[in-house]
2 protein chains.
Amino acid sequence: MKKSKIIEKLKQDVAGQCACQKLRKATRIITRRYDEALKPIGIKGNQFTMLSVISLVDAVTLTELADKMGMERTTLIRNLKPLERDGLISISSEGFRRARSAEITDKGLNVLEEALPIWHQAQDSLRIELGANTWKIVHDGLEALGAVG
Amino acid sequence: MKKSKIIEKLKQDVAGQCACQKLRKATRIITRRYDEALKPIGIKGNQFTMLSVISLVDAVTLTELADKMGMERTTLIRNLKPLERDGLISISSEGFRRARSAEITDKGLNVLEEALPIWHQAQDSLRIELGANTWKIVHDGLEALGAVG
DNA sequence: TACGATATAGTGTATATACACATTATGAAG
DNA sequence: CTTCATAATGTGTATATACACTATATCGTA
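This structure is a prediction, so every number in the text was calculated from the model and none was measured.

Caption draft 1: Here's a closer look at the interface of chain B and chain A. Contact residues are listed per partner, giving 65 residues for chain B and 65 residues for chain A. Buried surface at the junction of chain B and chain A, both sides included, amounts to about 6100 Å², of which 70% is carbon and sulfur. Remark: the boundary between chain B and chain A carries two salt bridges. Between K22(A) and E143(B) there is a salt bridge, and its shortest N-O distance comes to 2.7 Å. Residue assignment for the side of chain B that touches chain A shows that the elements contributing at least two residues are α1 (3-14), α2 (19-38), α3 (45-56), α6 (106-130) and α7 (132-146) of chain B. A total of 16 residues in the side of chain B that touches chain A trace back to one element, the largest contributor, which is α2(B). Its residues placed into classes, the side of chain B that touches chain A shows 32 nonpolar, 17 polar and 16 charged.

In structure tokens:
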């Protein structure tokens, strides 16, 4: 195919329409905001999420925890390392087979408590910036994407 | 604050409502789908995006290219490395000051051409899975997030 | 022409992500 | 009680992301 023809197709079909591209771009932009806000606490947005989920779910295997977060199991395991190193979580091996599970520590809970108002600020400022209607659209869309198999 | 009180706040305010969390989860899930689809071509979804954008924009500085993609400049520079190593793009230093710019090569264009129908399949299957209404909501939401400053 | 201001790119380090492959604990079947 | 299937975790390697800091090319001006 001629170069100009390929470019034309890209312009018509892909540009501004690729779901993967738009998702990744949005995630980069929004993650930077949450990371920036949480910097005084010493954790990043993703770590806030992991601490929060670990606090809320009952002790399950790391595999189940990864599933709940839509995160590849090996990604979760590696993401837990900095949290464990900093004493924010502890990982025990109490279950059956080789099962291990993560639990938040008192220190981790303190960090979460400090992070909560800052998270609220970041979340609120974004919601206000987008407006109520767009905010709902964003959440509905992400809910649907998060449920994709 | 008591532990139970913090958990309660997390459950009420954060769980299922954090935009950063939902975005990152959706991105992980959807990126895996596009990556999986493109595997026969030997590129990942993000690389397809970069090749596509590089093909479509006129030669600009790497800084401008990063801006267009909502990508941190240093991230872009590092993401270009595998593409350059594999001969899919070339980076020239033709501009003013230290300016450099990326251009797609013939090989890169061939890869894009092969990738196009596969990208269509991935995009279509996702659109069908979501349905037309949800698909529009998803794109409207992501468009708004991508425009956030 | 020398020199400082500025625009641009590049590097060090750390977290985030995931596939392919390897390891290991435990229960079941013989 | 040994072996084997299975469920679970762990490691090697590669890309993706970004902040802090560094390096350098060029322009304007003294």
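Structure shown, so let's carry the discussion forward.
Caption draft 2: Structural context of the protein's contact with DNA strand C. DNA strand C sits among 29 residues. The nearest are R98(A), R24(B), R32(B), T63(B) and R78(B). Atoms of DNA strand C within 4 Å of the protein: sugar and phosphate make up 61%, bases the balance. The set of elements that each furnish at least two residues to the surface near DNA strand C consists of α3 (45-56) and α5 (73-85) of chain A together with α2, α4 (62-68) and α5 (73-85) of chain B. The element best represented in the surface near DNA strand C is α5(A), accounting for six residues. Grouping the amino acids of the surface near DNA strand C by side-chain chemistry returns six nonpolar, eight polar and 15 charged.

The rules behind these values
- Residues numbered from 1 in each chain as written.
- Chains lettered and ligands numbered in written order.
- Predicted model: local features only at pLDDT ≥ 70, side-chain atom pairs only at ≥ 80, totals over all residues.
- Heavy atoms only, no water.
- Contact = heavy atoms within 4.5 Å.
- Buried area = accessible area lost by both parts, 1.4 Å probe.
- Salt bridge = Lys/Arg side-chain N within 4 Å of Asp/Glu carboxyl O.
- Helix = DSSP H or I, 4+ residues; strand = E, 2+ residues; numbered from the N terminus.
- Nonpolar A, V, L, I, M, F, W, Y, C, P; charged D, E, K, R; others polar.
- Near = heavy atom within 4 Å.

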